[in-house]
Amino acid sequence: MKTILCDLLGIQYPIFQGGMAWISDYSLASAVSEAGGLGIISAGNAPPDYVREQIRQTRARTNKPFGVNIMLMSPFVEDIAALVAEEKVPVVTTGAGLPTKYMKAWLEAGIKVIPVVPSTGVAKLVQRAGAAAVIAEGGESGGHIGELNTMALVPQVCDAVKLPVIAAGGIADGRGVAAAFMLGACGVQLGTRFLVAKECTVHETYKKKILAAGDIATMTTGRRLGHPVRALKSPFTHQFLKNEMQSDMSLEELEAFGSGALRRAAKEGDEKNGCFMAGQVSGLVNKEQTAKEIIEELFAEAAAKFKEAAAWVK
Ligand code: TUI
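What counts as what
- Residues numbered from 1 in each chain as written.
- Predicted model: local features only at pLDDT ≥ 70, side-chain atom pairs only at ≥ 80, totals over all residues.
- Heavy atoms only, no water.
- Domains from an automatic or database assignment.
- Contact = heavy atoms within 4.5 Å.
- Buried area = accessible area lost by both parts, 1.4 Å probe.
- Salt bridge = Lys/Arg side-chain N within 4 Å of Asp/Glu carboxyl O.
- Polar contact = N/O pair within 3.5 Å; in protein donor to acceptor, adjacent residues only side chain to side chain.
- Nonpolar A, V, L, I, M, F, W, Y, C, P; charged D, E, K, R; others polar.
- Helix = DSSP H or I, 4+ residues; strand = E, 2+ residues; numbered from the N terminus.
- Disulfide = S-S within 2.5 Å.
- Near = heavy atom within 4 Å.
- Areas by Shrake-Rupley, 256 points an atom, 1.4 Å probe, with all protein chains shown as cover.

Draft legend 1. Quick peek at the domain arrangement of the protein chain. Partitioning the protein chain into domains gives domain 1 (4-201 + 284-308) and domain 2 (218-277). Computed over C-alpha atoms, the centres of domain 1 and domain 2 are 24 Å apart. Each side of the interface is counted separately: domain 1 has 13 residues, and domain 2 has 11 residues. Both faces considered, domain 1 and domain 2 share a buried interface measuring about 1,000 Å² in area, 62% of it formed by carbon and sulfur atoms. Together, W22, G143 and I145 form the three largest contributors to the area buried by domain 1 at its contact with domain 2, with a combined 51%. Taken together, the connections running from domain 1 to domain 2 amount to 0 salt bridges. On the surface where domain 1 and domain 2 come into contact, there are 4 residue pairs in polar contact (both at pLDDT 80 or more). Looking at the side of domain 1 that touches domain 2 residue by residue, the class counts come to 6 nonpolar, 5 polar and 2 charged.

Draft legend 2. Looking closely at the side chain of T237. Note that T237 resides in helix α11 (residues 235-245). A distance of 2.8 Å separates a polar side-chain atom of T237 from the backbone nitrogen of S234. Discounting residues that sit within four places of it in the chain, T237 has contacts with M219, T221, A231 and L232.

Draft legend 3. Representation of the state of the cysteines in the model. Applying the stated criterion across every chain yields a total of 0 disulfides. The thiol of C158 is not disulfide-bonded; the next cysteine sulfur, from C186, is found 7.9 Å away.

Draft legend 4. Up close: the site of the ligand. Among the 15 residues in the neighbourhood of the ligand, the closest are listed as A96, G97, E137, G143 and H144. One nitrogen or oxygen atom from the main chain of A96 is found 3.0 Å from a nitrogen atom belonging to the ligand. A distance of 2.9 Å separates a nitrogen atom of the ligand from a polar backbone atom of H144. Here the ligand loses 74% of its free accessible area of 710 Å² to cover by the protein chains. Taken together, the residues of the shell around the ligand break down into 9 nonpolar, 5 polar and 1 charged. When residues of the shell around the ligand are sorted by domain, at least three fall in each of domain 1 (4-201 + 284-308) and domain 2 (218-277).

Structure (structure tokens):
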């Protein structure tokens, strides 16, 4: 299954591995790129030296295209923005904000810029600024989410811009991939499914929790802070929600309570104080596989779905 996204980026399968802060390192990104998708290193809140080393390690393991995801709320965002231009990484994806002020420098460095957009307005804005494509990520996804869900967001973004659209949020198997294409997307981005990839170096406890999770295992917190986050229900998320509802807790105190929680989950497997960000599809993710197995299975399933569906039309 080849789409214009494959030609645009020089990849074999139209799939991105989502940039997951504290999780998507060179091990996962290089495995996904080698398997024919687009592997993405997450800059998250990390300092530039860490990200530079991740880029070098990825380049040492694959000659294929890869991306760096820039979390725009990072305290190091200015330095990371300069770093990716200096390193001339093939693709930059962005999340949690507007990337427009950095885009001129990235485009001058020959980088393909592919922002996550939560709405048609943001999609149009980044199209004007020179984006090569957009990722329409619905609220089924893990981590920081927008207002709309994938089913409503993807077709509206497809109508709003002329760019290739990559669907994200709520996709974990071939049915999801096929559905995303039916909504008008020409590619998909998956995070949660790649969290349990063999090459993913996240803490074993995190993987076990995803594999054990069911359909109603996630919840959102952080609405009072203006950035809702989806994560597996846990002692941390329940306490966060309680704090959030308590009007005597200031926004600063609430931010401080949440600070470091994703790192504690991803690096330490801290079941009590960690925040295990994950998508609603956690219930569909039931086995650990290599990145290559995941990608090949997804597209074999999607192709079978399309053949089945074609037989319904007389
Ligand atoms: O960014 C993500 N997912 C993330 S970032 C992250 S790190 C974090 N940790 C704690 C609190 C907050 C963040 C964990 N997961 N996905 C991409 C995404 N981008 N989702 C939503 C957006 C987005 C929202 C608004 C993109 C642009 C945007 O622009 C409008 C504006 O008002 O800035």
